Amino acid sequence: MKAAADMRESTPLGRLGLGVALGASLVVVLDFSIVNVALPALGAAMGVSTTTSEWVITAYALTFGGLLVLGGRASDFFGRRRMLLAGLVLFALASAAGGVAVTFPLLAASRAVQGAAAALVAPAALSILTTSYPEGPARNRVLGYFGVTASAGFVLGLVAGGILVDTVGWRGVFFVNVPVCLALVMVGSKVLPAGTTAAGPHRLDLPGAVLVTSGTAAMVYAPTLGTNDGWTSLAFVGCILVSAALLGAFVLVERRSPQPLIPLRIFRHHTFVIGDMVSGLQGAWNAGEVLVLSLYCQQVLGYSPLVSGLVAVPQGIGGLLRGVLGARLIDRVGLKPFLTGNCLLVAVTTLALFRLPMTTHYPVLGIVLLGFGFGSTNVVFGSTVAASMGVVNNEQGLAGALVNATRQIGAAVGVAALLSIVAIDASATASTAQLAAGYRLALACAAGVAGAAALLSLRIAGGRVTTNAPSVEVEHDAPTLARVPQNYEYRPKVVSH
């Protein structure tokens, strides 16, 4: 029986297995920000403009965001450990290719392959965690560790990138991935569970895969066009319409497919949908705030790239505190108060950043960033818990892909939107005061996004969803059995025996 198979998979990981899954997640997240610091040096060495050098970021984002769903489903169909290890090997090879690239097109191409590899690694790592622990405190604890790597890793990348660029040069941000990935592969092949695969023929829905990949990639790319060509430009509007058409066609294909890439019934889980939406908003404010803060420190306060990265360290410390306290808090107060309260904490601390002075008052700034990091990583944690609730084990790879995809899309939109807001009050010839005003306006908008996430979190059904209540077998619309808590708000038809 499928339910029995799901239960057999829920065997807790050992310490090494947990470390490999979290380490793989850290590599993917860290690689977003570690390259950001190297962009000026990279562009100068390659002889390309700032606008062109940003394709190092865009190429990674396009393939990562576009292929996440396909990678997540592949981990469900063909085995999570297999996809995780294959993704890490491909990531190491692409990183080495980027480190030795002698032309910018080769470098951008290597970054695109890195993104494709990350699309295999991220959902496989998350689904290994969610299928190894049953819903409740045990899963919350390991997802808490995952949340720390997802948010603190972004800040760590800024610091590590600054150190590498200052010591060994920009190529170091690529070469550093190679030994880390290979070490994870060697250990992971011995300690990670193989995991069960989905029943039936293991075939990916190729028409659906092409449509959702191209539609998501267009959605990720659209904010770049909005920033460069204007939010009312034909290029931006056309890209949005193409994305909508492709995703609409994808829904039609999935409804008729005997083995869909995304079974649409997964969106009937109310808490899952809210978790994904909050995850998208979190990606928008977090990626936008980190970039705006880095630019503020360099262009307004006059800090070096390395010092600008070190300024953000309290955010990472806040993430570590979240790892200690977050799981206990969510078990004690419940998911809805937890998510809502932390979204409000982020909104308040971001508004405090809005009052950034044009001179250094770092002790106060450090305390504010500590609160921001604590609240933001708690939201990563809470939205990930929500997005795994009530989802059967053989669809956890898909669930992990979707929560990562929404965060990635949110990050792309957030960075582009906030930089456009900065451009309203700041330009290349703007004074320091005008630059500061532009960045403050962007931070105020980021606070508004966090406030919207707090309102959205209030729509989660009342009561605690993080229980270890007895389970019953239930039947979904498709012939798949699952085990869910009796008091979970999604109540499908109970099967009588």
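No experiment lies behind these values; they were computed from the predicted model shown.

What follows deals with the overall build of the chain. Counting its secondary structure elements, the chain contains 18 helices and three strands. Residue burial in the chain is summarised as follows: out of 497 residues, 57% are buried. When contacts within the chain are restricted to residue pairs at least 6 apart in sequence, those whose partners lie at least 24 apart make up 83%.

The next subject is the side chain of Thr 340. In this fold, Thr 340 is placed in helix α15 (residues 335-353). With relative accessibility at 11%, the residue Thr 340 sits in the buried group.

Right, let's talk about the confidence of the model for the chain for a bit. Within the chain, residue pLDDT values average 78, and 83% of them lie at 70 or more. Looking over the chain, one finds the lowest element-wise mean pLDDT in strand β1 (residues 471-475), namely 32, and the highest in helix α5 (residues 80-100), namely 95. Predicted confidence is poor over residues 1-9, with pLDDT under 50, and the contacts of this stretch with residues over four places away or in other chains come to 20 contacts. The low-confidence segment residues 463-497 (pLDDT under 50) makes 85 contacts with residues lying over four places distant or belonging to another chain.

With respect to the secondary-structure elements, Gly 309 resides in helix α13 (residues 305-311). The exposure class assigned to Gly 309 is buried, which follows from its relative accessible area of 3%. Sequence separation between Gly 309 and Ile 163 is 146 residues, and the spatial gap between their C-alpha atoms is 9.1 Å.

This next bit is on α15. The terminal C-alpha atoms of α15, which comprises 19 residues, lie 27 Å apart, in line with the 27 Å expected from a rise of 1.5 Å per residue. Along α15, the residues that are buried comprise Leu 335, Phe 338, Leu 339, Thr 340, Asn 342, Cys 343, Val 346, Ala 347, Thr 349, Thr 350 and Leu 353.

If you look at the biggest cluster of nonpolar residues, it comprises 95 residues, and the most contacted ones within it are Phe 64, Leu 84, Leu 88 and Trp 285. Leave out the neighbours within four places in its chain, and Leu 88 touches Ala 24, Val 121, Cys 181, Leu 184 and Val 185. Among the nonpolar cores identified, the runner-up in size contains 17 residues, and Val 35, Leu 39, Ala 101 and Phe 174 belong to it.

Here the focus is the side chain of Arg 139. Relative to the helices and strands, Arg 139 resides in helix α7 (residues 137-167). A residue is classified by how much of its surface remains accessible, and Arg 139, at 5% relative accessible area, is buried. One polar contact links the side chain of Arg 139 to the main-chain carbonyl oxygen of Ser 388, over a distance of 3.2 Å. Look past the residues within four positions of Arg 139 in its chain and what remains in contact with it is Thr 130, Tyr 133, Pro 134, Ser 388, Asn 393 and Gln 396.

Two residues of an α-helix separated by three or four positions point the same way, owing to the 3.6 residues in each turn. Under the 1.5 Å per step criterion, the end-to-end length of helix α12 (residues 270-299) is 44 Å for 30 residues, consistent within 8% with the ideal 44 Å. In terms of residue burial, α12 counts as a mostly covered element, since 22 of its 30 residues are buried.

With that settled, consider the packing of helix α2 (residues 15-46) against helix α9 (residues 177-191). As a packed pair, α2 and α9 sit with axes 9 Å apart at the nearest point and diverge in direction by 150°. When the axes of α2 and α9 are compared, the pair comes out roughly antiparallel. Handedness of the crossing formed by α2 with α9: left-handed. In this structure, α2 contributes Leu 16, Gly 17, Val 20, Gly 23, Ala 24, Val 27 and Asp 31 to the contact, and α9 contributes Asn 177, Val 180, Cys 181, Leu 184, Val 187, Gly 188 and Val 191. Class assignment of the residues belonging to the contact of α2 with α9 gives a composition of nine nonpolar, four polar and one charged.

Quick notes on the rules
- Residues numbered from 1 in each chain as written.
- Predicted model: local features only at pLDDT ≥ 70, side-chain atom pairs only at ≥ 80, totals over all residues.
- Heavy atoms only, no water.
- Helix = DSSP H or I, 4+ residues; strand = E, 2+ residues; numbered from the N terminus.
- Buried < 20%, exposed > 50% of the residue type's maximum accessible area, 1.4 Å probe, protein only.
- Contact = heavy atoms within 4.5 Å.
- pLDDT = per-residue confidence, 0-100.
- Expected span 1.5 Å × (residues − 1).
- Core = buried A, V, L, I, M, F, W, Y, C linked by side-chain atoms within 4.5 Å.
- Polar contact = N/O pair within 3.5 Å; in protein donor to acceptor, adjacent residues only side chain to side chain.
- Axes fitted to C-alpha atoms, helices over the stretch in contact; angles between N-to-C directions.
- Parallel < 35°, antiparallel > 145°, perpendicular 65-115°, else oblique.
- Left-handed = near helix turned anticlockwise from the far one by under 90°.
- Nonpolar A, V, L, I, M, F, W, Y, C, P; charged D, E, K, R; others polar.

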